[in-house]
Amino acid sequence: MSSWFTMKPPEVLSRLDTDRARGLSSGEAERRLEQYGPNRLQEAKGDSLPLRFFRQLKDPMIIVLLAAAAVSLLSSGGRDWVEALIILVIVLVNAAISISQENSAARALEALRKMSAPQARVLRDGGHTRVDAALLVPGDIILLEAGDLVPTDARILECVNLKADESAMTGESVPVSKQAVDSLPEETPLGDRRNMVIASTVITNGRATCVVTDTGMNTQVGHIARMLTDQQETDTPLQRKMGEISRILSFACLGVCAVMFGVGLLYGKGLLEMFMTAVSLAVAAIPEGLPAIVTIVLALGVQRMARYHAVVKRLPAVETLGCAGVICSDKTGTLTMNKMTVVEVWSPGQAHKTEALTLACLCNDTILSYAPDGSPHTAGDPTEVAFVEAAFKEGLDKNTLEAAMPRVAELPFESQRKLMSTVHRVDGKLRIVVKGAPDVLLSRCTHMLSGGPVPLTPARRQEAERVNADMAKRALRVLATAYRDVDRLPSGELTTENLERELTFVGLIGMIDPPREEVKQAVAACYGAGIRPVMITGDHKLTAVAIAKELNIFREGDLAITGEDLDFMSPEMLEHDVDKFSVYARVSPEHKMRIVRAWQKRGMVVAMTGDGVNDAPALKSADIGCAMGLTGTDVAKGAADMILTDDNFSTIVRAVEQGRGIYSNISKSIHYLLSCNIGEILVLFLATLFHFHQDPLTPVQLLWLNLVTDSLPALALGMEPVEHAVMEEKPRAAGESLFNRAFSLRLAWQGAMVGLLTLAAYYLGEYVLSDPTLADATANTMAFATLTFCQLVHAFDVRSEHRSLFEMGFFSNPAINKAFLAGMFLQLSVLLFPPLMGVFGVSFLSPVQWLWVLGLSLCPLLLCEGEKALRRKLRPRGGERQR
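Anyway, here's the lowdown on the structure attached to this text. All values derive from a computational prediction rather than experimental measurement. (Residues numbered from 1 in each chain as written. Predicted model: local features only at pLDDT ≥ 70, side-chain atom pairs only at ≥ 80, totals over all residues. Heavy atoms only, no water.)

1. Some remarks on the pattern of salt bridges
If you walk through the whole model with that rule in mind, you get 29 salt bridges. We note a salt bridge from Glu 344 to Arg 474, for which the minimum N-O separation is 2.9 Å. Here Glu 344 is found in strand E10 (residues 341-346), whereas its partner Arg 474 is found in the loop between helix H18 (458-473) and strand E18 (477-486), with 130 residues between them in sequence. Residue classification places Glu 344 among the partly exposed residues on the basis of a relative accessible area of 24%. Judged by its relative accessible area of 36%, Arg 474 is partly exposed. (Salt bridge = Lys/Arg side-chain N within 4 Å of Asp/Glu carboxyl O. Helix = DSSP H or I, 4+ residues; strand = E, 2+ residues; numbered from the N terminus. Buried < 20%, exposed > 50% of the residue type's maximum accessible area, 1.4 Å probe, protein only.)

As structure tokens, then:
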């Protein structure tokens with residue numbers, strides 16, 4: 001993109017080889033259309049459905065599952081088809097869910113294309129005509145007026161009272177005045193290029209003649225589209241942890257199977273027999289339901305978060321929020337209301353505030369209307385709308401005022417003179433009402449309203465200037481009002497010299513785009529949770545810092561920086577100093593992405609909130625992008641991972657709490673599944689190592705065991721209520737391993753506990769509690785029953801890492817109780833219903849044998865409760881209260 005804003009209009013016209021008076025010829029326009037292409041955004045070619053499906057199979061856990069299923073199916077000659085079918089269904093369901101959550105970049109680009117103006121007024125062959133906006137080319141002379149959607153990036157050649165709403169592209173909260181200035185410095189940021197208009201922004205006032213400088217993908221909005229398509233999807237923390245689990249399980253399974261295979265051969269067992277045993281162990285060791293359970297837990301989290309006004313588009317994004325350490329938030333429309341509001345009115349002696357608002361209503365082009373229910377509706381320039389709404393709150397109706405004091409003449413606002421004037425008939429006389437920049441207006445005043453008109457002495461002028469300076473320091477946008485009563489208007493044309501003179505100063509009106517009321521509390525919650533809030537905005541530095549201070553985002557010792565200063569910082573310097581800055585002002589989309597990536601290189605998981613087109617690249621680049629649902633553009637929503645349907649910053653804090661709770665629940669499910677599987681592996685491994693004359697568990701029993709205990713209890717653990725203490729802890733590091741020392745130790749000893757209790761039941765059934773002729777069947781049945789019941793009971797132990805089950809309450813999670821009862825019913829059906837007993841090879845147990853089974857099955861509850869009590873005594877913890 002050329003720096004057209006640095007060139008004078010004649011140079012721009014010369015570089016583009018076009019004629020200001022005639023525009024391009026039709027033939028030249030066609031030639032340039034062929035050279036530059038149509039004025040539309042390129043559509044990225046999407047992958048085919050089969051390719052997208054096979055892309056889902058790259059997940060390490062899926063590969064391990066498919067390998068286990070294939071080996072099991074081949075080694076059994078096709079007999080163990082049930083296991084393979086279950087795994088295949090799990091893979092298909094996960095792939096379908098993942099595919100349905102994709103294509104966010106494509107939706108963002110589609111929204112960008114929809115923002116293109118359908119038609120444009122252009123000067124061709126010396127005459128004005130309308131053409132499709134897609135047919136515009138560099139060098140075309142276009143005409144713009146209020147209400148037009150700007151079709152391309154263009155250099156202003158001439159304009160009258162031109163204003164453009166650029167909030168979606170720059171974050172500027174009010175329409176920007178445009179001028180056909182000769183040139184601007186090279187380093188001028190996008191939001192300050194007042195001699196340019198930007199594609200996909202809206203003209204709110206005035207008219208202009210411009211020359212098209214860039215079209216299609218070469219425009220500023222095209223630049224954003226290219227950044228969206230160039231970005232690569234990155235794995236979420238949860239996806240990385242699932243990959244870690246897959247790798248650990250793969251190596252563990254191969255290692256154990258190899259040892260078992262070797263030990264069996266040393267004992268003289270057959271090669272095929274040991275191969276089949278090793279395969280059975282591998283299949284038993286793989287938690288087939290883990291991917292599905294994680295997906296379902298995330299889906300349940302999505303539903304829960306929807307009730308908190310957060311719509312999640314990508315399932316892994318739910319958990320990613322849980323480890324967010326930085327929230328980079330856009331200011332306009334996210335932290336603020338995106339609505340100019342009068343917050344202060346000053347008049348000499350504070351006696352004429354009503355008069356100041358009355359004048360601001362009269363010298364005003366806002367349209368005030370009423371809905372059938374009587375509620376007022378305003379339309380017009382945001383600054384003027386703010387005056388009308390402030391006056392309405394004070395009981396002043398613009399329509400009533402204009403009926404009593406009708407407008408008879410006006411001198412429209414011009415950015416050069418910074419004033420607007422209207423003339424009204426009042427009690428048979430004429431009143432000239434003027435509003436505008438305080439310094440300019442004061443220079444036109446000779447009197448001040450203080451009880452009545454009094455001379456504007458130097459002391460009184462200094463007082464007004466002091467108040468104006470004080471308001472400006474607080475980032476208020478200040479306008480002044482004044483008037484003059486005359487018997488008749490000057491003859492001839494009305495000018496600033498004959499109309500805006502000898503005025504009586506009335507007051508100053510300060511306004512700002514105010515912070516949302518709930519945001520300050522949300523920011524405090526962020527700090528309490530160890531999360532750093534950062535403001536990133538296209539607005540001016542003074543305004544941004546004022547809002548940030550009010551919200552406590554900008555605190556003592558923090559720094560603010562502009563995009564212009566960022567340009568002089570190397571990536572390494574920004575990465576080193578990024579934590580020093582709480583406010584980034586006048587930044588471009590590229591700056592926002594640099595800031596996000598600098599935090600990511602510091603090892604932080606970054607959440608980015610925003611609503612404008614200019615936020616889209618950073619939303620997509622962040623680990624979790626959060627778009628505003630009400631005020632957000634379609635582009636921002638398409639690029640984001642999550643949409644806040646109430647536009648409430650505090651919603652993201654609640655979403656973080658849910659994300660942390662969901663991760664905790666997923667960890668519990670993984671803990672439960674792996675500890676149970678370790679128990680199963682230990683039983684088979686020790687049986688082989690110590691040369692048992694039969695396997696304690698048959699393959700069909702292992703398959704049944706996994707179906708009964710690996711599904712419902714693990715899923716129920718994913719439905720645990722979120723503990724309040726999760727928002728009192730620091731966010732976990734994105735690279736933190738799930739298998740840390742404490743987690744691994746719990747897995748090891750609890751898995752060993754389950755396995756040893758099962759072997760104890762087998763030993764009692766084989767050598768102590770049964771008739772020798774029935775010993776093998778009894779031992780197998782007792783081991784089968786004990787292992788199943790141990791795992792069902794163990795699910796209650798995993799509900800909390802620290803808190804006692806008796807403190808939490810047995811009924812605080814109804815899902816776990818239902819899962820336990822369902823598992824008990826299914827297992828008892830196998831153990832007591834004769835037709836099923838034959839299928840699973842089990843025998844009837846005596847009452848004494850049943851008592852031993854039940855006693856051994858309750859041991860996990862007693863042992864785990866004792867271990868938790870010991871840890872609480874050694875390392876007291878508090879604050880884990882159930883919500």
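Now, onward.
2. A closer look at the packing of aromatic side chains
Summed over the entire model, instances satisfying the criterion amount to ten aromatic pairs. Geometrically, the ring pair formed by Trp 346 and Phe 505 is tilted, given 6.5 Å between the ring centres and 45° between the ring planes. In this pair, Trp 346 is assigned in strand E10 and Phe 505 in strand E19 (residues 503-512), connecting sequence segments 159 residues apart. For Trp 346, a relative accessible area of 9% gives the class buried. When the ring of Tyr 763 is compared with that of Tyr 767, the centres are 5.2 Å apart and the planes differ by 45°; the resulting orientation is tilted. A residue pair is termed a helical-turn pair when its members lie 3 or 4 positions apart in one helix, as Tyr 763 and Tyr 767 do in helix H30 (residues 741-768) at four residues. Among the residues examined, Tyr 763 registers a relative accessible area of 48% and is labelled partly exposed. On the basis of relative accessible area, Tyr 767 is assigned to the exposed category, the value being 55%. Members of the aromatic cluster, each reached through a chain of ring pairs, are Trp 704, Phe 784 and Phe 840. (Phe/Tyr/Trp six-rings, centres within 6.5 Å; stacked < 30°, edge-to-face > 60°.)

3. What about the side chain of Thr 504?
Within the secondary structure, Thr 504 is located in strand E19. By relative accessible area, which is 9% here, Thr 504 ends up buried. Look past the residues within four positions of Thr 504 in its chain and what remains in contact with it is Cys 445, His 447, Met 448, Leu 449, Pro 453, Thr 481, Ala 482 and Tyr 483. (Contact = heavy atoms within 4.5 Å.)

4. With respect to unusual backbone geometry
Even without being glycine, Glu 502 reaches a positive phi, approximately 50°. Look at Glu 502 and you get partly exposed, because its relative accessible area is 45%. Located in the positive-phi region is Arg 586, a residue other than glycine, with phi close to 55°. Residue position: Arg 586 is located in the loop between strand E22 (581-585) and helix H24 (589-601). You can call Arg 586 buried: its relative accessible area is 9%.

5. Topic: the sheet that holds strand E25 (residues 642-644)
An order of E8-E25-E24-E23-E9-E20-E22-E21 is seen for the eight strands of this open sheet, with the pairing classed as mixed. At either margin of the open sheet sits one strand with a lone partner, and together these are strand E8 (310-312) and strand E21 (559-562). Within this sheet the neighbouring strands show an average axis-to-axis angle of 20°, counted without direction. Summarising the sheet, strand E9 (residues 324-330) and strand E20 (residues 532-536) pair through five bridges and their orientation is parallel. Bridge pairing in E20 links Asp 330 to Ile 536. (Pairing = 2+ DSSP bridges. Axes fitted to C-alpha atoms, helices over the stretch in contact; angles between N-to-C directions.)

6. Here we look at the nonpolar core
One finds Met 305, Phe 505, Met 642, Phe 649 and Ile 652 to be the most contacted residues of the largest nonpolar core, which totals 104 residues. When residues of this core are assigned to their parent elements, the largest contribution, 13 residues, is made by helix H27 (residues 649-689). Among residues more than four places away in sequence, those in contact with Met 305 are Ala 310, Val 312, Val 318, Leu 321, Met 642, Ala 655, Gln 658 and Ile 662. Core analysis: the next-biggest nonpolar cluster, separate from the first, contains 37 residues, Ile 224, Val 587, Ile 595 and Trp 599 among them. (Core = buried A, V, L, I, M, F, W, Y, C linked by side-chain atoms within 4.5 Å.)

7. Describing the side chain of Ser 650
Checked against the element boundaries, Ser 650 lands in helix H27. Looking at Ser 650, the relative accessible area reads 12%, which means it is buried. Not counting residues within four places of it along the chain, the set of residues in contact with Ser 650 comprises Glu 518 and Ala 522.

8. Section: a negative patch on the surface
Taken together, the side chains of Glu 186, Glu 187, Glu 564, Asp 565 and Asp 567 define an acidic patch exposed on the protein surface. Tracing the backbone through its elements, the reader meets Asp 565 in helix H22 (residues 563-566). The class for Asp 565 is partly exposed, based on a relative accessible area of 38%. (Patch = residues over 30% accessible without salt bridge, like charges linked within 9 Å, V, L, I, M, F, W, Y side chains within 5 Å. Areas by Shrake-Rupley, 256 points an atom, 1.4 Å probe, with all protein chains shown as cover. Lys, Arg positive; Asp, Glu negative; His and termini not counted. Charge placed at Lys NZ, Arg CZ, Asp CG, Glu CD.)

9. Focus: helix H11 (residues 290-306)
Every α-helix winds through 3.6 residues per turn, so residues three or four apart in the chain are directed the same way. With 17 residues, H11 ought to run about 24 Å at 1.5 Å a step, and its terminal C-alpha atoms sit 24 Å apart, in line with that. Within H11, twelve of the 17 residues are buried, which leaves it mostly tucked inside the rest of the structure. (Expected span 1.5 Å × (residues − 1).)

10. With respect to helix H14 (residues 353-362)
Burial within H14 is extensive, with seven of its ten residues counted as buried. Inspection of H14 places Ala 356, Leu 357, Thr 358, Leu 359, Ala 360, Cys 361 and Leu 362 among the buried residues, and these make up the whole buried set.

11. Brief notes about the pairing of strand E7 (residues 202-214)
Of the pairings in the sheet, the one linking strand E3 (residues 141-145) to E7 comprises five bridges and is antiparallel in character. Of the residues in E7, the one forming a bridge with Leu 143 is Thr 209. Alignment of strand E4 (residues 153-165) against E7, held across ten bridges, turns out to be antiparallel. Residue Asp 153 lies in a different strand from E7, and its bridge partner there is Asp 214.

12. Regarding the packing of H30 against helix H31 (residues 775-797)
It is at 7 Å that the axes of H30 and H31 come closest, and there the two elements cross at 155°. Of the possible angle classes, the one that applies to H30 and H31 is roughly antiparallel. The chirality of how H30 crosses H31 is right-handed. Residues Gln 750, Met 753, Val 754, Leu 757, Thr 758, Ala 761, Tyr 762, Leu 764, Gly 765 and Glu 766 of H30 form the contact with H31, whose participating residues are Ala 775, Asp 776, Thr 778, Ala 779, Asn 780, Met 782, Ala 783, Thr 786, Leu 787, Cys 790, Gln 791 and His 794. Here the contact of H30 with H31 is composed, by residue class, of twelve nonpolar, eight polar and two charged. (Parallel < 35°, antiparallel > 145°, perpendicular 65-115°, else oblique. Left-handed = near helix turned anticlockwise from the far one by under 90°. Nonpolar A, V, L, I, M, F, W, Y, C, P; charged D, E, K, R; others polar.)

From the geometry alone we can't say anything about function, so treat these as descriptive.
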